[in-house]
Amino acid sequence: MDFADSPEEAAFRARLRAWLAENNPKLPQSSTADEYWDGQAPWHRALYDAGFFGLSWPEEIGGHGLPSVYEAIVDEELAQAGAPPRPSLGYLVQGMMRHGGQDVRRRFLPGLVSGRERWCQGFSEPDAGSDLASLRTRAVPRGDEYVITGHKVWTSYSDEADWCLVLARTDPDVPKHRGLSAFAVRMDQPGIEQRPLKMINGVTREFGEVIFDGAVAKASDMVGSPGEGWRLAMTVVSHEREPGELGYVARYSKAVNELVDRLRSAPGRFTEENVRDVAWAVVEAEMLRLHVCRRLSDRLDGISHGPEGSVDKLLMTRVEQAVGHAALGMSNLTGGIEEDTWLKMYLYSRAQSIMGGTSQIQRNLVATRILGLPVA
Amino acid sequence: MDVRLSAEQQALREAAARLVDDHAPGSVAELDDAARTARLEAALTGSGWRELRAPEDEGRPLASAVETAIVAEELGRGPADASFLGPTLATELRRRAGAEPATALETVLLRPDLSGLVVVEDEQTRCSGVAIDARGVASALALVRTGHGYDLVGVPVAGASPGRDLTRPAAMVEGAAPERLPGAGRRLLTAEDIEAWSAFTLALTCADLVGTMRGAVDLAREYASVRRQYGKAIGSFQSVQHMLADAFVSIEGSSSVTRHAAWAADTLPPGEALAAAAVAKAYCARAAREVCETAIQVHGGIGMTWECLAHIHLRRALLSTQVLGDVGANLARVVAHRKIGGVHDGLR
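Model, not experiment: these values are computed from the prediction.

Summarise the overall build of chain A; cite the residues concerned and give the values.
Helix and strand counts for chain A come out as 12 helices and eight strands. Compactness check: chain A gives a C-alpha radius of gyration of 21 Å against a globular reference of 21 Å for 376 residues, within 12% of the reference. C-alpha extents for chain A along the principal axes are approximately 70 × 50 × 45 Å. A total of 376 residues make up chain A; the buried ones form 59% of that total. Long-range pairs, those at least 24 residues apart, make up 72% of the contacts in chain A with a sequence separation of at least 6. When the accessible surface of chain A is summed, it comes to about 14,600 Å², and 50% of that surface belongs to carbon and sulfur atoms. Looking at chain A, you have 42 positive and 52 negative side-chain charges, and the mean spots of the two groups are 3 Å apart.

Below, the structure is given as structure tokens:
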């Protein structure tokens, strides 16, 4: 039981720190400005090309095959340098690695990991949110392809994406969880329209909706077998709930460092309550860092696709929203006249208890699948 | 980095869990069962776990703070009504001072608000304070300030009585004459020693809180599975499920910060270890009260009765919370460590 670096880990940390000193693009927080999204793709490629992305993933998909705990080192160093977090796409990687066939894995994963091909995830629909399995997007076979018709929403990065991992109904005649399949669908084709959605903090680049009207996917671009879509979706969302997979420790630690700097920069302007809120943000972010060390260490025994992601999602939500409340305290000082980054950070924090499965859904899962309470 | 528990540490946890499952009270009435408490006391004495922080070669402790925290957590889960925290903290002080092991069970003497060790200015000053976790204890350690550091002194302890925590009675000490410890070769404790001891103490109280939370949630989960209303187990209702899910999530976060604080206590410089411990204690103490309150709420009216074990867990949490500083005191340590106090020093 040791939180300290091994000699190999320490050498890696030093190399990363030196690289970051020269290569930090100093982007704004993703939750506060569209400019972040302009810089995100170059950042992904730079991090990958320098050998600091996909550390624990297999070498055949562009990873480094290192122990999972290296991801924790990356997050700590990114936060310490004030650099952007690592791109959050591990959940797509895990879903495709587990369910995709050899051919799908070889064709799609290297581009996803290297950042040369951009991906979004088409799961939620206007009438299928928490009840995802009731989704209505259809994929109908036609020769050696499928024709896709439907409406996806809350689709992060839809404006940038080359590919969309679409969950669609291929068999309407079986129970709802069993009739779903997943497809890799090219975004630049007729029959796909993508519209950005403006969030409550004014950001327009993060998520959107996608209309499929006769879009086409090759049958060979199905990820997993026909009817395996629900199981793939559950793998994807379980990892989408893990801060260790998302790299969010870096996000929160960086935000907390900014809050601390803000307090120190203007002593006397802040109330005791502001200080207390920032102190709680420090405590919460540190908790998550240590919790992720624990989870990534557990992965040394092999990856789990179980319900513990729901626990992590609820912990992560507490952190994001504690940071948000502390940021709101910083924001109040501008007199509410102009929208500032602190206010945007606060407003964005409300998303964490909704996206990737609401906190209420996570609590259902913790209660029934971990605590063993009876299903209602 | 690899923060998994080792096979030996897992085995220690299982052994401690067995001891607790065999001998801890299964009901409030069993708190008064003298035969059972004697069996628990004998089993704990036999385990040798009160000596985990006694010195082996070169003055290092027999076992790390991580292992000590594992035992503390299981005893908290019990809840085990035998002294462990107090004797362990006294042993830790003796080892740091190079003092001979105590000949009878010993604890520490804390200020009345339990925020720290009693320190007197000279050996002529009489000591007052609270000897915590004093079941079966004959003496308590305090500090006397000297020109070059702190020396250990002992005061006699008699007549422990249950206070807020019914599993760990405490004894008031009023105006006791401090006695120098016998034996040569002892060294004075530095301010850094006290800092390191405080970090260790906070980590152990966190472990006790994590165990207490586990015990409280286990109790509430069992009750929610058998208690029926509207023709169904109340544990099938989302409102009840969500309370218990949130409680479980709090335990998981608490467990992660506690593991780090325990590791830090033996590994990081004292100032850093204390900062890690303060983060953990603020987090665990805030969580523990809420989790234990949830356990009472899930029991409904039964939770308000003396016979329900839920308040035994809550009371134990309240005591562990107070030892070496509650939520606010430890948040203030975080503020000081991150230097964000500004001109407002109200939090310090």
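Next comes the rest of the account.
I'd like to hear about the overall build of chain B, residue by residue, with values.
For chain B, the helix and strand inventory stands at nine helices and nine strands. C-alpha atoms of chain B, sized along the principal axes, occupy 70 × 55 × 40 Å. Residues classed as buried in chain B amount to 58% of the 348 residues present. Excluding contacts between residues fewer than 6 apart, the proportion of contacts in chain B whose partners are at least 24 apart in sequence is 71%. Counting only carbon and sulfur atoms, one obtains 52% of the accessible surface of chain B, whose full area is about 13,600 Å². Of the side chains in chain B, 36 bear a positive and 44 a negative charge, and the two mean positions are spaced by 4 Å.

Tell me about the UniProt feature "domain: Acyl-CoA dehydrogenase/oxidase C-terminal" (unreviewed entry) in chain B, and name the residues and values.
Summarizing the sequence annotation, UniProt attributes the feature "domain: Acyl-CoA dehydrogenase/oxidase C-terminal" (unreviewed entry) to residues 204-322 of chain B in the numbering used throughout. Across residues 204-322 of chain B one finds 80% helix and 3% strand; the C-alpha atoms that close the span lie 13 Å apart.

Residue-level account of the interface of chain A and chain B, with values.
Each partner contributes residues to the interface: chain A has 56 residues there, and chain B has 46 residues. Where chain A abuts chain B, roughly 4,900 Å² becomes buried across the two surfaces, and 66% of that area is made up of carbon and sulfur atoms. The interface formed by chain A and chain B contains five salt bridges. Across the pair Arg294(A) and Glu252(B) runs a salt bridge, and its minimum N-O distance is 2.8 Å. Linking chain A to chain B there are 21 residue pairs in polar contact (both at pLDDT 80 or more). Among the elements that make up the side of chain A that touches chain B, the one with the highest residue count is helix α9 (residues 272-298) of chain A (19 residues). Residues that form the side of chain A that touches chain B fall into these classes: 31 nonpolar, nine polar and 16 charged.

Describe the packing of aromatic side chains, and please don't skip the residues or the numbers.
All names here are of chain A. Scanning the model with the defined rule gives 15 aromatic pairs over all chains in all. Here the aromatic rings of Trp37 and Tyr157 are separated by 5.4 Å at their centres, their planes lie at 40°, and the arrangement is tilted. Of this pair, Trp37 sits in helix α2 (residues 35-49) while Tyr157 sits in the loop between β3 (145-156) and β4 (163-169), and the two are 120 residues apart along the sequence. Overall, the relative accessible area of 7% leaves Trp37 in the buried class.

Can you lay out helix α3 (residues 70-81) of chain A for me, pointing to particular residues and giving the numbers?
All names here are of chain A. Taking 1.5 Å per residue, 12 residues should reach 16 Å; α3 reaches 17 Å between its end C-alpha atoms and fits that length. The buried fraction of α3 is high, at 10 of 12 residues. Along α3, the positions that sit buried rather than exposed are Tyr70, Glu71, Ala72, Ile73, Val74, Asp75, Glu76, Glu77, Leu78 and Ala79. In this structure, the buried residues of α3 make contact with α1 (7-23), α2, α8 (248-265) and α9. Positive backbone phi, approximately 70°, marks Gly82, located one or two places after α3.

Please set out the pairing of β4(A) residue by residue, giving values where relevant.
Residue and element names in this part refer to chain A. Burial analysis of β4 places seven of its seven residues in the buried class, the great majority of the element. Taking every second residue as pointing to the same face, both faces of β4 are buried, with Trp163, Leu165, Leu167 and Arg169 on one and Cys164, Val166 and Ala168 on the other. In this structure, strand β1 (residues 119-122) lies alongside β4, joined through four bridges in parallel fashion. Among the inter-strand pairings, Gly122 is bridged to a residue of β4, identified as Val166.

How would you summarise unusual backbone geometry if you had to cite specific residues and measurements?
Residues and elements named next belong to chain B. In this structure, the amide linkage connecting Gly78 to the following residue, Pro79, adopts the cis form with an omega of -15°. Relative to the helices and strands, Pro79 is located in the loop between α3 (65-77) and α4 (85-97). A positive phi angle, near 50°, is found at Asp133, a position not held by glycine. Among the structural elements, Asp133 can be located in the loop between β3 (127-131) and β4 (139-145).

I'd like a rundown of the domain arrangement of chain A, residues and numbers included.
Residue and element names in this part refer to chain A. By domain assignment, chain A separates into domain 1 (7-95), domain 2 (119-226) and domain 3 (236-370). Here the C-alpha centre of domain 3 lies 19 Å away from the C-alpha centre of domain 1. The partner domain 3 presents 27 residues to the 25 residues of domain 1 that form the contact. With both sides pooled, the region where domain 1 packs onto domain 3 buries about 2,300 Å², and carbon together with sulfur makes up 61% of that total. Between the two partners, domain 1 and domain 3, sit one salt bridge. Note that Arg289 and Glu76 form a salt bridge whose closest N and O atoms lie 2.8 Å from each other. Of all the secondary-structure elements, those providing two or more residues to the side of domain 1 that touches domain 3 are α3 and α4 (90-99). For the side of domain 1 that touches domain 3, the element with the highest residue contribution is α3, accounting for six residues. Taken together, the residues that form the side of domain 1 that touches domain 3 break down as 11 nonpolar, 10 polar and four charged.

Could you give an account of the packing of α8(A) against helix α11 (residues 341-349) of chain A, with specific residues and numbers?
All names here are of chain A. Relative to each other, α8 and α11 sit at 145°, their axes nearing to 13 Å. Of the two possible hands of crossing, α8 and α11 adopt the one that is left-handed. On the side of α8, the interface is formed by Arg251, Ala255, Glu258, Leu259 and Arg262, while α11 contributes Trp342, Met345 and Tyr348. A class-by-class count of the residues in the contact of α8 with α11 yields five nonpolar, no polar and three charged.

The rules behind the values
- Residues numbered from 1 in each chain as written.
- Chains lettered and ligands numbered in written order.
- Predicted model: local features only at pLDDT ≥ 70, side-chain atom pairs only at ≥ 80, totals over all residues.
- Heavy atoms only, no water.
- Helix = DSSP H or I, 4+ residues; strand = E, 2+ residues; numbered from the N terminus.
- Rg over C-alpha atoms; globule rule 2.2 N^0.38 Å.
- Buried < 20%, exposed > 50% of the residue type's maximum accessible area, 1.4 Å probe, protein only.
- Contact = heavy atoms within 4.5 Å.
- Areas by Shrake-Rupley, 256 points an atom, 1.4 Å probe, with all protein chains shown as cover.
- Lys, Arg positive; Asp, Glu negative; His and termini not counted.
- Charge placed at Lys NZ, Arg CZ, Asp CG, Glu CD.
- UniProt positions renumbered as here; feature names shortened; annotations may be inferred.
- Buried area = accessible area lost by both parts, 1.4 Å probe.
- Salt bridge = Lys/Arg side-chain N within 4 Å of Asp/Glu carboxyl O.
- Polar contact = N/O pair within 3.5 Å; in protein donor to acceptor, adjacent residues only side chain to side chain.
- Nonpolar A, V, L, I, M, F, W, Y, C, P; charged D, E, K, R; others polar.
- Phe/Tyr/Trp six-rings, centres within 6.5 Å; stacked < 30°, edge-to-face > 60°.
- Expected span 1.5 Å × (residues − 1).
- Pairing = 2+ DSSP bridges.
- Domains from an automatic or database assignment.
- Axes fitted to C-alpha atoms, helices over the stretch in contact; angles between N-to-C directions.
- Left-handed = near helix turned anticlockwise from the far one by under 90°.

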